[in-house]
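# Coordinate inspection notes
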Amino acid sequence: MNEPFDEPRAHGWLTRLYRRRWVRVVMLILAIPTAAALVFAIVLWQRFGSDRAVEYAAVEEHFKYGSTGGERASGFPYWIFKAMPGVCSKHLPGGYASLGFVYEEGKDLPIGMSLRNYQGIDRTFLNCAVCHVSTVRDTPESKPRIVLGMPANTFNLFGFQRFVFDCARDPKFSTEYIIAEIERLMTDKGEKLGLLDRYLVYPVAVALMRERLMMLYGRLGPLLQDTDWGPGRTDTFNPNKILFNFPLDKIPERERNAAVDFPSIWLQKPRQGMQLHWDGNNVMSEERNKNAAFGTGTTPPTIDLAAIARLEEWLLTAEPLKYPYPIDAAKSARGREIYTEYCAGC
């Protein structure tokens, strides 16, 4: 018959074993790699497990610079985006401003581009405002006034896509040239690229970005051989079809260049339940908004639904800029009658 378990005696045996110096040394040696691996894992997670968009308290600023989630799947590393016009200047001599982006004083990115730290690196990409914000001036010499919700009549999306792909295919889109330009830009701002970023993060980012852009060019490149859309216009569906693996050769020739004007997006509440989208293909404004968000680089798994819902709520009652000049009351009344009879139904 076995002896009953003697707990005090067992503990005494363990205590005596632990008191042996060599046992403590072995335990310490075994513990050090484990602790080091844990610390290393925590450091890696803190650096490369990030997913934080820059947020804005005012909904108007959120509209101009807030994220829709597009940086997760399509975002350009911020400093690479900034470096591209310098590295690929022959493809865009006038910089991003020449593509009709709207800039505010004191802002580093144009209106319509958001910022998110994702997987350890700041990334930027388009949001809704890039197509729905523009400016007005009283005279050619007047300072432009920014108007939220109006069509971005100066923004050349076709030209932006063409520049991005031309730059990615340029031999200068390499670590050698891009890192040098990033360091020059950071020096001008009094900043410095850290060793980890200089020798690991950004070289990997350059290679991955070039690979992804070349893949996308293989899909979208043929569309860029068609007629240029021109500023203030976009093909709303064909690029999305192709991004979601619809074969280009299955799109009829007559449908390959389906550019339409950017619309205004004020006062969405009266439009709820109407036939929406440019071709009236559904009646749900929420679906229309999500589909539009795909044009900002997001996908069903990466879309930021909370950020988009905030914009949806604001746009229900957002109003256009009041007409700033004198109005002929008689002509206005006659115009109201004509508009009500022939136009308001649409």
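This report concerns the structure included in the present document.

Calculation rules
- Residues numbered from 1 in each chain as written.
- Predicted model: local features only at pLDDT ≥ 70, side-chain atom pairs only at ≥ 80, totals over all residues.
- Heavy atoms only, no water.
- Helix = DSSP H or I, 4+ residues; strand = E, 2+ residues; numbered from the N terminus.
- Rg over C-alpha atoms; globule rule 2.2 N^0.38 Å.
- Buried < 20%, exposed > 50% of the residue type's maximum accessible area, 1.4 Å probe, protein only.
- Contact = heavy atoms within 4.5 Å.
- Areas by Shrake-Rupley, 256 points an atom, 1.4 Å probe, with all protein chains shown as cover.
- Lys, Arg positive; Asp, Glu negative; His and termini not counted.
- Charge placed at Lys NZ, Arg CZ, Asp CG, Glu CD.
- Core = buried A, V, L, I, M, F, W, Y, C linked by side-chain atoms within 4.5 Å.
- Disulfide = S-S within 2.5 Å.
- Pairing = 2+ DSSP bridges.
- Patch = residues over 30% accessible without salt bridge, like charges linked within 9 Å, V, L, I, M, F, W, Y side chains within 5 Å.
- Salt bridge = Lys/Arg side-chain N within 4 Å of Asp/Glu carboxyl O.
- Phe/Tyr/Trp six-rings, centres within 6.5 Å; stacked < 30°, edge-to-face > 60°.
- Lys NZ or Arg CZ within 6 Å of the ring centre and 35° of its normal.
- Expected span 1.5 Å × (residues − 1).
- Polar contact = N/O pair within 3.5 Å; in protein donor to acceptor, adjacent residues only side chain to side chain.

Looking only at helices and strands, the protein chain features 12 helices and eight strands. Here the C-alpha atoms of the protein chain give a radius of gyration of 28 Å, more than 25% beyond the 20 Å that 2.2 N^0.38 yields for 346 residues. Projected onto its principal axes, the C-alpha coordinates of the protein chain cover approximately 110 × 50 × 45 Å. With 346 residues in all, the protein chain has 39% of them scored as buried. Residue pairs in contact within the protein chain that sit at least 24 positions apart in sequence constitute 69% of those at least 6 positions apart. Carbon and sulfur atoms provide 59% of the accessible area of the protein chain, an area that totals close to 20800 Å². Across the protein chain, the mean location of the 42 positive side-chain charges is 6 Å away from that of the 40 negative side-chain charges.

Ranked by size, the top nonpolar core spans 53 residues in total, and within it I80, M84, Y96, F101, F160, I182 and Y202 carry the most contacts. Those elements that provide at least two residues to this core are helix 5 (78-87), strand 4 (121-126), helix 6 (157-168), helix 7 (175-188) and helix 8 (195-220). When residues no more than four places from it in sequence are discounted, the contact partners of Y202 are P77, W79, I80, I121, I179, I182, L193 and D197. Judged by nonpolar contacts, the second largest core, of 13 residues, contains I111, V133, I265 and L315.

The next subject is the state of the cysteines. In the structure shown here, the tally under the stated rule is one disulfide. With its sulfur 2.0 Å from that of its partner, C88 forms a disulfide with C167. Judged by the sign of its S-S torsion, about 70°, the cystine formed by C88 and C167 is right-handed. Here C167 lies in helix 6 and C88 lies in the loop between helix 5 and strand 3 (113-118), a separation of 79 residues in the sequence. Neither C88 nor C167 differs from the other in exposure class; each is buried.

A few words on the sheet that holds strand 2 (residues 76-77). The strands making up a sheet associate through hydrogen bonds between their backbones, and the pairing can be parallel or antiparallel. Spatially, four strands are ordered 1-3-4-2 in an open sheet, and the strand pairing comes out antiparallel. Of all the strands in the sheet, just strand 1 (51-53) and strand 2 have a single pairing partner and so form its edges.

With that settled, the discussion passes to a nonpolar patch on the surface. A cluster of nonpolar side chains, contributed by F48, L196, L200, V204 and L208, occupies part of the molecular surface with about 420 Å² of accessible area. With four residues, helix 8 is the largest single contributor of residues to the nonpolar patch. Looking at the element boundaries, L200 is found in helix 8.

Relative to the helices and strands, V147 is located in strand 6 (residues 145-148). By relative accessible area, V147 is classed as buried at 7%. Spatially, the C-alpha atom of V147 lies 29 Å from that of A83, the residues being 64 residues apart in sequence. V147 has contacts with H132, V133, S134, V136, W266 and L321, leaving out every residue within four places of it along the chain.

We now examine the packing of aromatic side chains. Under the defined criterion, the tally for this structure stands at 15 aromatic pairs. When the ring of F76 is compared with that of F125, the centres are 5.3 Å apart and the planes differ by 90°; the resulting orientation is edge-to-face. Separated by 49 residues along the polypeptide, F76 in strand 2 and F125 in strand 4 bring together distant segments of the chain. Taken as a pair, F76 and F125 share a single burial class, namely buried. Taken together, the ring pairs connect F76, F81, Y96, F101, F125, F155, F160 and F163 into an aromatic cluster. When the ring centre of Y217 is taken as reference, the NZ or CZ atom of R169 above it lies at 4.3 Å.

On to helix 12 (residues 329-342). With 14 residues, helix 12 ought to run about 20 Å at 1.5 Å a step, and its terminal C-alpha atoms sit 20 Å apart, in line with that. With zero of its 14 residues buried, helix 12 lies for the most part at the surface. Capping the start of helix 12, D328 holds a side-chain oxygen 3.1 Å from the backbone nitrogen of A330, two or three residues further along.

Okay, unusual backbone geometry next. Positive phi is not limited to glycine here, since Q119 has a value of about 55°. By secondary structure assignment, the location of Q119 is in the loop between strand 3 and strand 4. Classification of Q119 by relative accessible area gives partly exposed; the value is 42%. Phi is positive for L267, which is not a glycine, with a value near 45°. Its location among the elements puts L267 in the loop between strand 8 (259-261) and helix 10 (285-294).

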